[in-house]
Structures are given as C-alpha cells and as structure tokens.
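Descriptive analysis of the structure
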Amino acid sequence: MTVLSVRNLNIAIPTGDGHVHAARDVSFSVEAEELFGIAGESGSGKSVLSQAIMGLLPGALISGEILFEDRDLLKLSPREMQQLRGNRIAMISQDPLSSLHPFYTIGQQIIEAIRTHRQTSHEAALAEAIDILGRVGIHDADKRVNDYPHQFSGGMRQRVMIAMAIVLRPALLIADEPTTALDVTVQAQIISLLNNMRREFGTAIIMVTHDLELLSSVADHAMVMYAGNRMELGPGNAVLRTPSHPYTMGLLQSSPTHESRGPLPSIPGQPPSLLIEQKACAFAPRCPSVMDICRTQRPPLRRFDDNTQSLCWLENKAVRAPAIAAAAEESAAASKSSDIVVSVSDVRLAYGARSLFSKGGGVEVLKGVSLELPRGTTLGIVGESGCGKSTLARIIAGLLPPTSGDVEIEGKSIIDLDRQSWVEMRKRIQMVFQDPFGSLNPRRRVGAIIGDPFRIQKVAHGDDRKNRVRDLMELVGLNPEHYNRFPSEFSGGQRQRIGIARALALNPSIIIFDEPVSALDVSIQAQILNLIAKLQRDLGLSYLFISHDLAVVRHVSKEIIVMQGGQVVERGETEALYHRPQHSYTRELLAAADPNYRKGGGATAASISEALTP
Ligand code: SF4
C-alpha cells in the first residue's frame, strides 16, 4: 500500500539573494513498512524535502503534489497539517535534545503528545507512555518516565524521541540523520530499533542521511539527491551497490570503506549554487563522463533493467573510475622507518586528584596510556565519545599537562620544558581540528590566519611572509589569489585546507588530526583525505589520526590503537587488527560498523554493549 506519493515537486525558497531552488521536479513514492532512504550531501535538498512533507516551509514557493493517505498535503490548511503532524506523520531528528523540552519529564512530554491528538485520560496516556518506553528499550520504564531529558545518555534520548514519535502509530516516520551524532555501537542499536518498529506497527520510514554505507544495508529503496535534483532512484541494493548515475558512483567511490586503500577517487570541485536556474545537468562541471549535450540541455530520466532510474544523458549505467595507483614506494619507505617521533609512556590524567576539596581520588580520564609513532607513518586512534582520545591528543600537543607519565617528541621530553624549548617544540607538532570554521577567526583574512604561526614565532615578515603564505595555499590546493578573503567565503572543505595550511606553516614533523573530516561531505572528505596522504608522502610527515569513523581510520593508518575508558585496550597493524581483533571491545566496534551486521538487527552489539555496561 502506498503511504506517500510525491509528484513533480518543486520548492523555491525566497532569500535576500534570490530564490534557492531546493527541489526540482522530484517524484517518488513510499510503501507501508518500507524504509526509503534519501541520500545526498549538504545543500542537496534532502532535508528541505522532509520539511516540505511535514508542512514546515512557510513562505516557500511549492508546486507539484504530496499525496498522503489520499490527500494532497499542499492543499491542506495549517490547522489540518497540525492535526496530521505528530499523529499520522512524525519526525525524529539528529539531535534529540533540541526536540525534547528540558523542563518537562519525558512522561509529561509523551502524555501531552498523546492527549493533543486523542481524547484519553491522563492515567491511560501514562500507561501508554510507559508501554512505549519499554518497547523502545528503556529499562524500568515505569520509573524512568519521571526523568528529565538530561538524565538520559545520547542513545537513550534518541530512543525516547522514537518512542514519542511512534506512540500514536504514525503511518509515516521521517528520520533526519537519526544516528549521525551517535557512537557506532549505539547507531546499530537505533537502526535495529527502527527496523523492529516498522515491522511491528507497519510504519513507513523515510531515512534522510549522508551515510551511504548505512543506507546500503537498510534501505528498501533509495533516492540520491544533488542540487535539488533526484539524480537516481531505485531498489536500495542496486542504487548503492551498482549505481546507474555518475554522481552516485562518484559518491560511493569517494567514501572510504573497510576495503579501500590508497588515494580515493574524489569528485573534483564543489556543488553548484542553488540560486542559479539550471538549464543543463547540475553535475556537468564535476562529472567524469560529461558530454557536450550535458552542458546545454537538462538530462532525461533513464530506466534500467534493475529498476533504477537515472537523471542522465548516458544510455548505459555509469562505470567505475579506474583505481588510482597507490604510491607504493613511498608507503614502503615509510613502513621501514624505525625512527620514533612520538613516544608516550604511562600517561595518566586525573581531574580533582590534587584538589584540597576532593575527598576521593578524582576522575581518572587517562589510565596509563603508552604509544609510539614511527616517523613518516600514521597511527590511528579510535574509540567512542569519552574514551579519552582527544584528551590524549592535547597532552601530546603540549596543550594539557598530564598528572604523571612522559611524552617525548623526537627524543625530547615535553614535560616541564623551559619557555625557549617550548617555543621550539611547538614548531615540530601541530594540530588540525574537526570544525574548520570554529577554529578560524571569522573577522580575519585567510592570508593573515595562515600566516599566524609566522607572526607568533616571529620567523617571517612583510613580503617574505606573504609569499610563504601563498606557497602554503598552493600546496594545499587553495587559490593564492584568495589571500584577502574571509573564512565565510570558503566552503567547508576549503576551510579545512586553510586549517591544514596553517598547521604546515612552521614545517612541523608531526600533525595531530582530531576528526579532520567528520564535518565534511563525502566527496569533499575524499579530497581532504587525499591531500593529507599526499602531504605525508611529499613532506615525510608523521600523523596521529583521531576518528570515530572506523573506515576512515583504516583507510589512512598503518597502525591503530583502540581506546576505551581512558585505556588502550588493543594495538596492532591495521589489517591484522581489523581481521583478527583480540579484545572484545574492538570486536564490538567492528561488528557495529559492519553494514551486514546492522542489517541483521544488532543483537550482538546490543548484547555485548549491555554486558559491558556497569
Ligand atoms: S547528464 Fe552528462 S554530466 Fe550529467 S551526470 Fe550524466 S553524463 Fe554526467
């Protein structure tokens, strides 16, 4: 039974700069119990589409049809839409905290959701709230119903959101990046829960995400969007394993997987501005298969035998780009290195341990961590939120003193350095952070930002500094003519290049990357990973690479350490660790990140996780 049918939908949002064309002639339908995936990068229009279905785009110019239970949602009054929202159509978002009210208990919020749409007593609604909380896996639901949102962990809050969304048994649930903010083991549990719910209640789910690997394992049908266009649509397996459209193919190839090695075939360039009217293929400037006609006429919708549909002039399905040859000799040279550039010995960090007011021993964040980084190689550090990996990075960078233990950089201890030695050491080790925008001062010009290390260390002046900054910009793939621009004039990927250029200014030998690509879209992520690898080969740099994304860490690292609860629980050569994990926690992490496992329902990770929970 078809629950939702979207036909020829066009959405234009008026802004001060003109109309943003967020959806152009988009059509698709969703069946009961189906999981329909919408994939795309930032600005592809995927989230605007779900807002349009929810009737949450006041002021937008919308044409076409959104048929839901035989009614066109675009023709309903605001009051009628309000009656549908939360009742027949529900939504869960990436951040449950922004959707749950901090002043009310979760019980009060679920009861209000029930009684807004249904005539029922407080007691009956309370019983229903407790029942649904139990079904989504909240233990002691009769007690926890009286807790406030902040008393739940991130994964549990997401369960509460799901409970609130499905308590009225909606026909359609829109899940907008429902697992993006969660650790990998919790992600698997939430996906498993959504799968159970749709089977139990017959709910159709639209899952909006940038995570193609996740979609390929769970989506019955998938739609890939780009610049407001429906580029490809079809059975999830076909679209995400053997795609028809060059853009889908490019996205899949540029996503690091558990198998990918060497440089990633990235998609060059940036997505187009949505302010511009499209008269040709929106992907033409970035497409490896572009033809003359693509640049002048909008492509037709082609249908293939495997039921995929592709908005493209190509008559056959897209073909894989040839693999880029890995720089084997350089890697081999690096792998022979036995020169240790970072040596961490039994580092401990405890907060409150030395406090006059602390009765106990304080909170131990790091519990005796040791590691070594050979020159010219990459050591990956993985673990879930709160495992201590970023704290360790700050200690190694000299930004935080440890409570005990030692850190040596190129054979020299950095503990208790005098000022002059500290200044010298800071030149050798640099950090690149996750949020490229947050780490750049928005009021300063990019040339000045990249030149900051020269200014602070007083090593280059005037034209010499300018020339060096321009060289750095070129080295990381930025146009040196953009020297006088502000950070806001650059895209996310370009801002990360600015961060990397700044880190390279003083010729460091070691760079610590703390989640450097997790805020970037897939195609841009591949460009940055390739840049990071190229700089290592060209400049002989040594990297500590911190990430929660196991595929990214595996792609870039020669060795990996796995951290849990402030300790290193496993360390090994990347491939050995992935194929023969020794520690139960490593096995749990790997299982939870495996798409086949996620499809299977997550029982193993859930049970291991519960067993590990104190
Ligand atoms: S229409 Fe042309 S430019 Fe667009 S995706 Fe197809 S081949 Fe590439």
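These numbers come from a predicted model, not from an experiment.

Side note on the overall build of the chain
Along its length, the chain carries 24 helices and 22 strands. On C-alpha atoms alone, the chain measures out to a radius of gyration of 26 Å, which is about the 25 Å that the 2.2 N^0.38 rule sets for 614 residues. For the chain, the spread of C-alpha atoms along the three principal axes comes to 75 × 70 × 45 Å. The buried share of the chain, reckoned over its 614 residues, is 52%. Taking the intrachain contacts of the chain between residues at least 6 apart in sequence as the baseline, contacts between residues at least 24 apart amount to 67%. Entry remark: accessible area of the chain is about 27200 Å², with carbon and sulfur atoms responsible for 50%. Charge centroids of the chain, computed over 64 positive and 66 negative side chains, lie 4 Å from each other.

Regarding the pairing of strand β2 (residues 18–31)
Note that strand β1 (residues 2–15) and β2 share 10 bridges and pair antiparallel. The partner of Ile11 across the bridge, within β2, is Ala23. Between the antiparallel neighbours β1 and β2 lie two residues.

Brief notes about the sheet that holds strand β21 (residues 559–564)
Read across the open sheet, the six strands follow the order β18-β19-β20-β15-β21-β22; overall the sheet is mixed. Only two strands of the sheet have a single neighbouring strand rather than two, namely β18 (429–432) and β22 (567–573). Strand-to-strand twist across the sheet, computed as the mean angle between neighbouring axes with direction ignored, equals 20 degrees. Set on the sheet, helix α19 (residues 522–539) makes contact with β15 (378–382), β19 (510–514) and β20 (542–546); between it and β20 the angle comes to about 155 degrees.

Some remarks on the domain arrangement of the chain
In terms of domains, the chain is made up of domain 1 (2–88 + 169–311), domain 2 (98–167) and domain 3 (328–442 + 509–576). Between the C-alpha centres of domain 1 and domain 2 there is a distance of 30 Å. Of the residues lining the interface, 18 residues belong to domain 1; the matching set on domain 2 comes to 12 residues. Buried surface at the junction of domain 1 and domain 2, both sides included, amounts to about 1300 Å², of which 62% is carbon and sulfur. Viewed at the interface, domain 2 and domain 1 are joined by one salt bridge. Put simply, Arg135 and Glu200 hold a salt bridge, and the shortest N to O gap is 2.1 Å. At the boundary of domain 1 with domain 2, the tally comes to six residue pairs in polar contact (both at pLDDT 80 or more).

Some thoughts on helix α11 (residues 246–254)
Burial analysis of α11 places nine of its nine residues in the buried class, which makes it a mostly covered element. For α11, every residue scored as buried is listed here: Pro246, Tyr247, Thr248, Met249, Gly250, Leu251, Leu252, Gln253 and Ser254. Elements in contact with the buried residues of α11: α9 (212–218), β9 (221–226), β10 (229–235), α10 (236–241) and α19.

Let's talk about the environment of Gly565
Structurally, Gly565 can be placed in the loop between β21 and β22. Taking the C-alpha atoms as reference points, Gly565 and Val224, separated by 341 residues in sequence, lie 38 Å from one another. Contacts of Gly565, omitting those with residues within four sequence positions, involve Lys367 and Cys387.

Considering the site of the ligand
For the ligand, the set of nearby residues contains 13 residues, the closest of which are Cys281, Cys287, Cys294, Cys312 and Trp313. Among the residues making up the shell around the ligand, the classes are represented as 11 nonpolar, two polar and no charged.

With respect to the pattern of salt bridges
Side chains bearing opposite charge may pair, as long as their charged atoms lie close to each other. Scanning all chains against the criterion turns up 21 salt bridges. Between Arg375 and Asp339 there is a salt bridge, and its shortest N-O distance comes to 2.5 Å. Of this pair, Arg375 sits in the loop between β14 (363–374) and β15 while Asp339 sits in the loop between α12 (328–335) and β13 (340–351); the two residues are 36 residues apart in sequence, bridging distant segments of the chain. One salt bridge connects Lys534 with Asp538, and the closest N-O pair in it is separated by 2.8 Å. Of this pair, Lys534 and Asp538 both sit in helix α19, four residues apart, which is roughly one turn of the helix. Exposure remark for Lys534: the relative accessible area of 38% places this residue in the partly exposed category. Overall, the relative accessible area of 47% leaves Asp538 in the partly exposed class.

Re the sheet that holds β13
Pairing is antiparallel in the open sheet, where four strands are placed in the order β14-β13-β16-β17. Each edge of the open sheet carries a strand with a single partner, namely β14 and β17 (412–413). Here strand β16 (residues 404–409) runs beside β17; their pairing, made up of two bridges, is antiparallel. Residue pairing for β17: Ile409 is matched across the bridge by Lys412.

Notes on the side chain of Ser216
Inspection of the secondary structure puts Ser216 in helix α9. The class for Ser216 is buried, based on a relative accessible area of 6%. Of note is the side chain of Ser216, whose polar atom sits 2.8 Å from the backbone oxygen of Glu213. For Ser216, the residues in contact, after removing those within four places along its chain, are Leu240 and Arg241.

A closer look at the confidence of the model for the chain
Residues with a pLDDT of 70 or more make up 90% of the chain, whose mean pLDDT is 85. Within the chain, helix α24 (residues 603–612) has the poorest average pLDDT of any element, 38, and strand β4 (residues 61–68) the best, 96. This model gives residues 323–337 a pLDDT under 50, and the stretch forms 14 contacts once residues within four places in sequence are excluded.

Looking at the packing of aromatic side chains
Centre distance and the angle of the planes are the two values used to describe a pair of aromatic rings. If you walk through the whole model with that rule in mind, you get six aromatic pairs. With 5.3 Å between their ring centres and 85 degrees between their planes, Tyr226 and Phe283 make a pair best called edge-to-face. Residue Tyr226 is found in strand β9, and its partner Phe283 is found in the loop between α11 and β11 (301–303); the two are separated by 57 residues along the sequence. Taken together, the ring pairs connect Tyr226, Tyr247 and Phe283 into an aromatic cluster. One cation-aromatic arrangement involves Arg144 over Phe152; the distance from NZ or CZ to the ring centre is 4.1 Å. The ring of Phe201 carries Arg169 above its face, with NZ or CZ at 4.1 Å from the centroid.

Thresholds, definitions, all that
- Residues numbered from 1 in each chain as written.
- Predicted model: local features only at pLDDT ≥ 70, side-chain atom pairs only at ≥ 80, totals over all residues.
- Heavy atoms only, no water.
- Helix = DSSP H or I, 4+ residues; strand = E, 2+ residues; numbered from the N terminus.
- Rg over C-alpha atoms; globule rule 2.2 N^0.38 Å.
- Buried < 20%, exposed > 50% of the residue type's maximum accessible area, 1.4 Å probe, protein only.
- Contact = heavy atoms within 4.5 Å.
- Areas by Shrake-Rupley, 256 points an atom, 1.4 Å probe, with all protein chains shown as cover.
- Lys, Arg positive; Asp, Glu negative; His and termini not counted.
- Charge placed at Lys NZ, Arg CZ, Asp CG, Glu CD.
- Pairing = 2+ DSSP bridges.
- Axes fitted to C-alpha atoms, helices over the stretch in contact; angles between N-to-C directions.
- Domains from an automatic or database assignment.
- Buried area = accessible area lost by both parts, 1.4 Å probe.
- Salt bridge = Lys/Arg side-chain N within 4 Å of Asp/Glu carboxyl O.
- Polar contact = N/O pair within 3.5 Å; in protein donor to acceptor, adjacent residues only side chain to side chain.
- Near = heavy atom within 4 Å.
- Nonpolar A, V, L, I, M, F, W, Y, C, P; charged D, E, K, R; others polar.
- pLDDT = per-residue confidence, 0-100.
- Phe/Tyr/Trp six-rings, centres within 6.5 Å; stacked < 30°, edge-to-face > 60°.
- Lys NZ or Arg CZ within 6 Å of the ring centre and 35° of its normal.

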